[in-house]
Structure formats: structure tokens, C-alpha cells
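Now for the letters of each chain:
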Amino acid sequence: MAMTNRANMKFDGIILSTLDDIVPQEHLVRILEKTIDWKFIYPLVKPLYSHVGRHSIDPVVLFKMIFINYTFGINSMRKTCKEIQVNMAYRWFLGISIDEEVPNYSTWSKNYQRRYRDSQVFNQIFNHIIKQGIGNGFIDTTAVFGDGTHRKAFANSRKATDKEVEIVTKTYEKELLNEINEDRKENGKKAFESLTKKEYAFDEETGEEIEVKKTKHIKESTTDPECGLFHKGEKQKCFAYTHMTMSDKQGYVLYNKVAPGNMHDSAIFTEIYDELIQMYENIKNICLDSGFNTSPICHQILSSGRIPFLPYKRPMTKKGYLKKYEYVYDEYLDIYICPNEKDLHYVTTNREGYRVYKSDTKDCERCPFLSQCTKSKNHEKVITRHIWEEDREEANHIRHTDKWKEIYPKRKETIERVFADAKENHGMRFTRLKGIQKNQHESLIIFSCHNLKKMGLSKQRLGLI
């Protein structure tokens, strides 16, 4: 058989076909088009447009361009516009004919700055897709799976300044203070005015003492001041944003919150939890990883009538020393019993919410376990127990139930896969946007694309589209 050589052949022909004929029936854009009625966008954005003046570009076209951008992982509006120029499937999806001009890449940027930036349209689009999923029976909110992931910010880690910032109070501070004071009163202790010890300094100008606010020093990026310096384990230090995300058992994203990268996942969770259970009242089970296995979080979930599903958390004890669980707590006598069968008695409840138990130095001086117990110069062992420790113990008991064994293993199949899919296919490894608000909007669009694609493929498998 002779070799064919078509390297230099160019075919200029007239195509007598419609866009609908050219686009394959199994193409993803056809699935996205059939999954929802895109006209729902019009009433959402109508208040953002003027009633007079020349006609703007169709807002549905603008938002469909964004969906093309993130669904197909193009990650650049300039590239997206170039792809739309030559991609017949994208033109069909947008409703743009072959000879029609594609909107300029700067069009979306200007529309965002002038119309959408301070609106709720991104939340509304995300929530609309969620409602469609719930209504079609694809989303089940009885059990949710949560975790946080970091997204590299558009900022050089070497371009930073040292900044002193005020320490922000915890969301549960008022409740914790009340319980601490109740516990202190029961034990004959004086109540605290606040959880932080107030310090005062002399003001030379007024001649009065003023309260000094508690502060800490952080590294702030000069490029994007709203991101935070992230460093964990062996990972390289970098400025990043944290995405606290919740999904259902099928991997549909129900909620996402963007925060600075130097904010711990557990701190973000305590802030968003009340909002989450208000949005989805049917939630019964909360499945999280070991980083969320803290007394305040366990108390927050259990007191709301939900069940926490948390893994075992290894005791954070120095190598060669006795573990905390080797000291037995007697709830009736309110004492700890050490491995040498000596008692540690209650002393006080501190501002951090921990009840302090101390041993008798005479019992510890000749104890055979002293070198494994404490390095204290006065041979005194101190153990702390959080005021909400019972809630954490209850969460640990749940770990041994059949329900836990059924639900918790699904975590790696849900929220972990969501992050993998978003980073690999939808451009979530790093961001080119600056500021929490812009990144929050972008994350909502990314997870809207994730949910819509997932729902569309499910409908196709079931023969619903």
C-alpha cells in the first residue's frame, strides 16, 4: 500500500451544515444545556441593569462563558474567548453563530467590576443548582462531609511585611465564658470578666490608664494583603487562601467559605457551622477529619442536635512519656488517678476553658514513673481537662458504632475527590485573583460547574436527558 502524504494540503470548502449538526450529540456542552434552564439568570441580574440605554451583551452568554472557562479548565478569559472563536461546540452552547463576533475578553471583567462584584448573583446561581439537585433527588443533605484545602494565592512569599494585628475573639467566647464562670462559682472561685486578662498602660497625654489590646505579629503580603501565609509540615511556605468546603455523600458541594491561608480549618468551621445548619435543616450527621476533633467543635455539633463523625486522634504527647489516657478520670470524685494509683485533685478553671488538676508533690517524689510523667522541678504533675471534654468523649464513643463505620469511610470518596476534581479539572490549584471577595465568587462558580457537570452526567446515565 502506498504512503499518503497530506501535510501541505489545505481544504477550503463550504460547509452546508448547521451548528447543531456539527456538535456531537454526546458532547458535554449538550449535557450542560439540557441539565438546567439557563433563563433563571435573567431575573437574578435584572436589578443590576439600567432600563434605558443601548442593549448590553446577553448576561446568560456572559455567565455561560465563565462556565466554559472553569468546566473545561481553561483558567483564562482571554484564552476562553480565543477558544470560542474556533470551537463550534462552545458557539452552539452560547448561541453564537459562525459569522457572529465573540465578546471580547475584557467584557466580562468590566461587567464584573460594574455590576456583579457587590451582588449576590454568584451565591444565587450556586444555590439554584443545589436546589435543582435536591429537587431531582440527586443531593441528600442528611450527612455532610467537610474539610479544608489551600489554594495558592497570586502573591510572592518574599514580598511581605511584618504586621501587628489584634487577636480576634472566638465565635463561642460568650458561651464558654458563661460556663467557665459557672464552674468557678461551684468551686468557690471568682468569676472572670472576659476570657483574656486585661492589661493596662499609662497614657501620658490624658494621665489615665487605658486598656491594651491583645495583639500578634503576622506576615502580610504586599501584593495581596487579604491572603495568609500558609505553612504545614514539609510543605513550602506560601501565601494562600483556605477553602472550607462541605459536600453530601454523592460528592455534590453544598457550601464553600474562603478565608486567609493562615486561619486554621477548625476556626473557620466554628464560624460557618450555624450558617450551614440554617441553610440545610435536614443535616443529621457531620463527618470531619481529625483536625476538627476538638472539644469546642464536638460541643457545637452535639448541642445543635447533630452527630459528629470524627476519626481517632493520636495523643500529642512527647515520646517516652505517659499518654493522657493512662491517667483515669473519676467523674464521681472529680479526680484523675495516675498509673501509680495516686490522685490528682482539681485546683482551678483557667481562662482557656480548662479545669486544672495537680498531684501532691510528696506522692511524686519517689514514684517509679516520675521520669515518664513530668520534668517539673517540684515533682508536680499537671493535667488539664476542657470544660466541654465530655462532648469530645461522646464523639469518641460514636467512633465505635456501626453507623460511624458506615458513614465515615465515605469521606475519602466524597470531599477528598471533590478537591481532587476541582484542582485537576477546574483550575483550583492556584488563583490569579486578589482579595477574599473575588476568590469567594470564583470558588462558587468552580463548584457550580462541578455540581452542574455531575448532575448532568447523572441525568444522562438515567436517561433523563
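These figures come from a predicted structure and were not determined experimentally.

(A) Structural view of the sheet that holds strand β12 (residues 335–337). Sheet architecture is open: five strands sit in the order β11-β12-β13-β14-β15, paired in antiparallel fashion. On the outer flanks of this sheet lie β11 (328–330) and β15 (382–386), each paired with one strand and no other. Between one strand axis and the next, the sheet turns through 35° on average, direction left out of account. Judged from the three bridges that link them, β11 and β12 form a sheet pairing that is antiparallel. Pairing of Asp330 across the sheet is with Ile335, part of β12. Of the strands in this sheet, β13 (343–349), β14 (354–359) and β15 are in contact with helix α9 (residues 173–186), which crosses β13 at around 120°.

(B) Seen up close, the state of the cysteines. If you walk through the whole model with that rule in mind, you get zero disulfides. For the unlinked cysteine Cys81, the closest cysteine sulfur is that of Cys449, found at 15 Å. Relative accessible area serves as the criterion here: at 5%, Cys81 is assigned to the buried category. Of all cysteine sulfurs, the one in Cys373 lies closest to Cys364, which takes part in no disulfide; the gap is 6.1 Å. With relative accessibility at 11%, the residue Cys364 sits in the buried group.

(C) Geometry of the environment of Phe93. Relative to the elements of secondary structure, Phe93 occurs in helix α6 (residues 88–94). The class for Phe93 is buried, based on a relative accessible area of 2%. As for Phe93 and Leu195, which are separated by 102 residues in sequence, their C-alpha atoms are 57 Å apart. Leave out the neighbours within four places in its chain, and Phe93 touches Val29, Leu32, Glu33, Trp38, Lys64 and Ile68.

Scoring rules and cut-offs
Residues numbered from 1 in each chain as written. Predicted model: local features only at pLDDT ≥ 70, side-chain atom pairs only at ≥ 80, totals over all residues. Heavy atoms only, no water. Pairing = 2+ DSSP bridges. Helix = DSSP H or I, 4+ residues; strand = E, 2+ residues; numbered from the N terminus. Axes fitted to C-alpha atoms, helices over the stretch in contact; angles between N-to-C directions. Contact = heavy atoms within 4.5 Å. Disulfide = S-S within 2.5 Å. Buried < 20%, exposed > 50% of the residue type's maximum accessible area, 1.4 Å probe, protein only.

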